[in-house]
Amino acid sequence: MDLLQIASILIVLAALFGVLNYHFLKLPQAIGILVVALLASLGILGFDTLFPALQIGDEVRKIVGEFEFSEALLEGMLGLLLFAGALHVSISELRSQAGVVFLMATLGVALSTAIVGFGFSWITGMPLLVAMVFGALISPTDPVAVLGVLREANLRKSLETKIAGESLFNDGVAYVIYLVLVAMAFPVVGSHVTEVSDGAILFVQEALGGAAMGAALGWGTFQIMKRIDDYALEVLITLALAFGGYILSIYLHISAPIMAVVAGLFIGHVGMRDGMSEETRGYVDAFWKLVDEILNAILFVMIGFEIFVITDDYLLQGIYAIALALFGRLTAVAVPSVMMSGPGVIKGDIIPLMTWGGLKGGISIALALALPDSEWKPMILSVTYMVVIFSILIQGLTIAPMARKMARG
């Protein structure tokens, strides 16, 4: 199938599953679509078990393989999703939480990567460096999943800003750490990353380069937009910034996710305030909210059908991975919070809600799929999928009731 056919199938399924959720399940839209997609996938697998001669499972598995989930997310959808998410985060609110958000997105991700990596290596016998790669890909909270759930949770603004801001930045930081560790764990001929010092240089190049690119492109786009008063053209310009900047960053080997976040924050704050008329602001805001919702729906359909790429049973290892991921997340939240506020100053609900509300999502699956082939890839892919499904379904459906209960208490 070509790209247009694949996109058509995904859009039709997202709409159909959304309707089923709206009328029957009545769950938050993204989670409901994932549940319906999972049920459909399990139904197909069950039917295939009962009637193997029809080979329906093989046909669906072939179609799912053509989705190219990893490439579609990491080199296409992610830039738009991160830009849309950053566009609606308040800079003034984020500035007040900047210290703890920065530490959680950097030190927190590093601590979580180390905890999950060492723990998973000890439990499974996986080589430490390969296990650290798994730690890196499972540590970031997915802004797509997180921001979708925050709309339902009605958290207080300061806590919502912490979770949203951290999820936008730790995604980019974790991706850079992942790239460094993959280059060290799976060396290829001509690779320049062979030692820790090489990895540190690559990290700085990717992270700082992405931030600088986002700021430069955001400023340049703002200069163009403030001289224009045409809402259709200005919407198109923001779309060009998100798409073009992301592809340019990939080409220049700097962090495209960090670029998208910084550019989105710049346009959402400076660009909307000083470079757009009130009419244009309304259209730009509505357009990117729609992009966010539509891509969210498509992404969760894709996650639901990715069960067809899981070929091995690693249930026990998956349970261990869920526990390690939660402990790593707890450490990533608690240590920066204590460092910035002190143990006696932190509000009692911050660490529990940020730990449980730090959802994993499609980014982790995409990074697992993008790993070089090895004897450990099937295990990493399977347990990553289990962690993500647990996170979205169990944590995602309980974070809002948990927040309400803690607010009453």
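Per an unreviewed UniProt entry, the chain is named Sodium:proton antiporter, and its organism is Parasedimentitalea maritima. As its UniProt record puts it under Sequence similarities (unreviewed entry), the chain is described as follows: "Belongs to the monovalent cation:proton antiporter 1 (CPA1) transporter (TC 2.A.36) family." One UniProt comment on the chain, placed under Subcellular location (unreviewed entry), says "Cell membrane".

This part is about the overall build of the chain. Assigned secondary structure in the chain consists of 17 helices and zero strands. Its C-alpha atoms give the chain a radius of gyration of 21 Å, near enough to 22 Å, the size a compact globule of 409 residues would have. Judged by the C-alpha coordinates and their principal axes, the chain covers about 65 × 55 × 45 Å. When each of the 409 residues of the chain is scored for burial, the buried share is 54%. With an accessible surface of roughly 17900 Å², the chain has 68% of that area assigned to carbon and sulfur atoms. In the chain, which carries 20 positive and 32 negative side-chain charges, the distance between the mean positions of the two groups comes to 13 Å.

This model, assessed by the stated rule, comprises ten aromatic pairs. Residues W356 and F390 carry aromatic rings whose centres are separated by 6.2 Å and whose planes lie at 90° to one another, so their mutual orientation is edge-to-face. Here W356, found in helix 15 (residues 350–356), pairs with F390, found in helix 17 (residues 377–408); they are 34 residues apart in sequence, far enough to count as distant. For W356, a relative accessible area of 21% puts it in the partly exposed group.

To continue, consider the packing of helix 1 (residues 3–25) against helix 2 (residues 29–50). Put simply, helix 1 and helix 2 touch, their axes get as near as 8 Å, and they point 105° apart. In terms of orientation, helix 1 lies roughly perpendicular with respect to helix 2. For the pair formed by helix 1 and helix 2, the contact residues are A14, F17, G18, L20, N21 and L25 on the first element and Q29, G32, I33, V35, V36, A37 and A40 on the second. Along the lines of polarity and charge, the residues of the contact of helix 1 with helix 2 split into nine nonpolar, four polar and no charged.

The subject of this paragraph is the environment of P372. Tracing the backbone through its elements, the reader meets P372 in the loop between helix 16 (362–369) and helix 17. Once the C-alpha coordinates of P372 and F186 are considered, the two residues, 186 residues apart in sequence, prove to be 7.2 Å apart. Those residues in contact with P372 that lie beyond four places of it in its chain are V182, F186 and K377.

Once the charged atoms of two side chains with opposite charge are near each other, the side chains can pair. Going through the model one piece at a time under the given rule, you end up with five salt bridges. With a shortest N-O distance of 3.3 Å, R61 and D58 are connected by a salt bridge. Here D58 and R61 lie together in helix 3 (residues 56–66), a separation of three residues that amounts to about one turn. The residue D373 makes a salt bridge to K377 at a minimum N-O spacing of 3.6 Å.

This brings us to the nonpolar core. Among the nonpolar cores identified, the biggest contains 123 residues, and L73, V133, F134, L137, Y178, W288 and I303 are the most heavily contacted of them. For V133, the residues in contact, after removing those within four places along its chain, are Y178, L181, V182, A185, F186 and L371.

For the rest of this paragraph, the subject is the side chain of E234. Along the polypeptide, E234 turns up in helix 11 (residues 231–251). Of the buried charged residues, E234 lacks a salt bridge, with R281 as the closest side chain of opposite charge at 8.8 Å. Setting aside chain neighbours within four positions, we find E234 in contact with M225, I228, D229, G275, M276 and T280.

Counted according to the given criterion, the structure contains three cavities of 30 Å³ or more. Lining the largest cavity are I322, A325, L326, R329, T355, G358, K360, V387, F390, S391 and Q395. Elements that contribute at least two residues to the lining of the largest cavity include exactly helix 14 (315–341) and helix 17. Tallied by class, residues from the lining of the largest cavity come to five nonpolar, four polar and two charged.

What follows covers a nonpolar patch on the surface. On the surface, a cluster of nonpolar side chains totalling about 670 Å² of accessible area is made up of W122, I123, L315, L316, I319 and Y320. Elements represented by at least two residues in the nonpolar patch include exactly helix 6 (98–124) and helix 14. With four residues, helix 14 is the single largest residue contributor to the nonpolar patch. In this fold, W122 is placed in helix 6. Assessed through its relative accessible area of 74%, W122 is described here as exposed.

Conventions we followed
Residues numbered from 1 in each chain as written. Predicted model: local features only at pLDDT ≥ 70, side-chain atom pairs only at ≥ 80, totals over all residues. Heavy atoms only, no water. UniProt positions renumbered as here; feature names shortened; annotations may be inferred. Helix = DSSP H or I, 4+ residues; strand = E, 2+ residues; numbered from the N terminus. Rg over C-alpha atoms; globule rule 2.2 N^0.38 Å. Buried < 20%, exposed > 50% of the residue type's maximum accessible area, 1.4 Å probe, protein only. Areas by Shrake-Rupley, 256 points an atom, 1.4 Å probe, with all protein chains shown as cover. Lys, Arg positive; Asp, Glu negative; His and termini not counted. Charge placed at Lys NZ, Arg CZ, Asp CG, Glu CD. Phe/Tyr/Trp six-rings, centres within 6.5 Å; stacked < 30°, edge-to-face > 60°. Axes fitted to C-alpha atoms, helices over the stretch in contact; angles between N-to-C directions. Parallel < 35°, antiparallel > 145°, perpendicular 65-115°, else oblique. Contact = heavy atoms within 4.5 Å. Nonpolar A, V, L, I, M, F, W, Y, C, P; charged D, E, K, R; others polar. Salt bridge = Lys/Arg side-chain N within 4 Å of Asp/Glu carboxyl O. Core = buried A, V, L, I, M, F, W, Y, C linked by side-chain atoms within 4.5 Å. 1 Å grid on protein atoms, 1.4 Å probe; cavity = no way out; pocket = protein on both sides within 12 Å on 5 of 7 lines; lining within 4 Å. Points joined across faces, edges and corners; volume = space filled by probe spheres on them. Patch = residues over 30% accessible without salt bridge, like charges linked within 9 Å, V, L, I, M, F, W, Y side chains within 5 Å.

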